[in-house]
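Architecture at a glance
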Amino acid sequence: MVVIVSLSFKTPLRKLILLILDRVKRGSGPVVVKTVAGTVAVVMLSSVYSMMLIKKRWMEDGNATQTDEILMAKNLLETTLMGGLLFHAYIIDKLHHYIKELRIRRKTMETAKKQGQGFEDAGGSGSDKVRALEEEIATLRARVKQLESH
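Residues numbered from 1 in each chain as written. Predicted model: local features only at pLDDT ≥ 70, side-chain atom pairs only at ≥ 80, totals over all residues. Heavy atoms only, no water.

In terms of helices and strands, the protein chain carries four helices and zero strands. The linear arrangement of helices and strands in the protein chain, starting from the amino end, is α-α-α-α. A compact globule built from 150 residues should have a C-alpha radius of gyration of about 15 Å, whereas the protein chain, at 35 Å, is more than 25% larger. Summarising its shape, the C-alpha atoms of the protein chain cover approximately 125 × 35 × 30 Å along the three principal directions. Expressed as a percentage of its 150 residues, the buried residues of the protein chain come to 15%. Considering only intrachain contacts with a sequence separation of at least 6, the fraction spanning at least 24 residues in the protein chain is 64%. Put simply, the protein chain shows about 12,200 Å² of open surface, and 65% of that area lies on carbon and sulfur atoms. For the protein chain, the centre of its 24 positive side-chain charges and the centre of its 16 negative side-chain charges are spaced 5 Å apart. (Helix = DSSP H or I, 4+ residues; strand = E, 2+ residues; numbered from the N terminus. Rg over C-alpha atoms; globule rule 2.2 N^0.38 Å. Buried < 20%, exposed > 50% of the residue type's maximum accessible area, 1.4 Å probe, protein only. Contact = heavy atoms within 4.5 Å. Areas by Shrake-Rupley, 256 points an atom, 1.4 Å probe, with all protein chains shown as cover. Lys, Arg positive; Asp, Glu negative; His and termini not counted. Charge placed at Lys NZ, Arg CZ, Asp CG, Glu CD.)

The structure is reproduced here in structure tokens:
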């Protein structure tokens, strides 16, 4: 949760966490993370299956033994922790992705703004040049007509 909160808000840890996540996502990092996540998911599903078997045994027998209750509580705790771990890992991954995407978009917007300002500056002086040339053409045409009439 600390990682998610520090990624969500602009905190001093955010830059450090982003650097760490960038390094983890390089090289063989994604493969290792996916392998660990897959293993945790399989173990979680095994725990859920064990809980289903215990629940089925409770329904057939009509009563629950203390061992079954302890096993059920253990499996429920394991499943909850593994599910929370997978959920938080997914949220951290998506936040990292969106923050990187936001950075890229901001940089492209800044460059587009700079180019737009450059075009406006050039366009303003360019239109002034066009007007000046049009006026010069008009004066030259008037002079040509004047010379033709003489």
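Continuing now.
Further remarks concern the pattern of salt bridges. If charged atoms from side chains of opposite charge come close, those side chains can pair. In the structure shown here, the tally under the stated rule is four salt bridges. A salt bridge links Asp-93 to Lys-25, with the shortest nitrogen-to-oxygen separation between them at 2.5 Å. Here the residue Asp-93 occupies a position in helix α4 (residues 66–149), and Lys-25 occupies one in the loop between α2 (12–24) and α3 (29–61), the gap between them amounting to 68 residues. Owing to a relative accessible area of 31%, Asp-93 belongs among the partly exposed residues under this scheme. Residue Lys-25 is classed as partly exposed on the basis of its relative accessible area of 34%. (Salt bridge = Lys/Arg side-chain N within 4 Å of Asp/Glu carboxyl O.)

In this section: the nonpolar core. Among the nonpolar cores identified, the biggest contains seven residues, and these are Ile-4, Leu-7, Ile-17, Leu-18, Leu-21, Ile-92 and Ile-99. Elements with a minimum of two residues in this core: α1 (2–8), α2 and α4. A per-element tally of this core places α2 first, with three residues. Beyond its immediate sequence surroundings of up to four residues, Ile-99 is in contact with Leu-7, Arg-14 and Leu-18. (Core = buried A, V, L, I, M, F, W, Y, C linked by side-chain atoms within 4.5 Å.)

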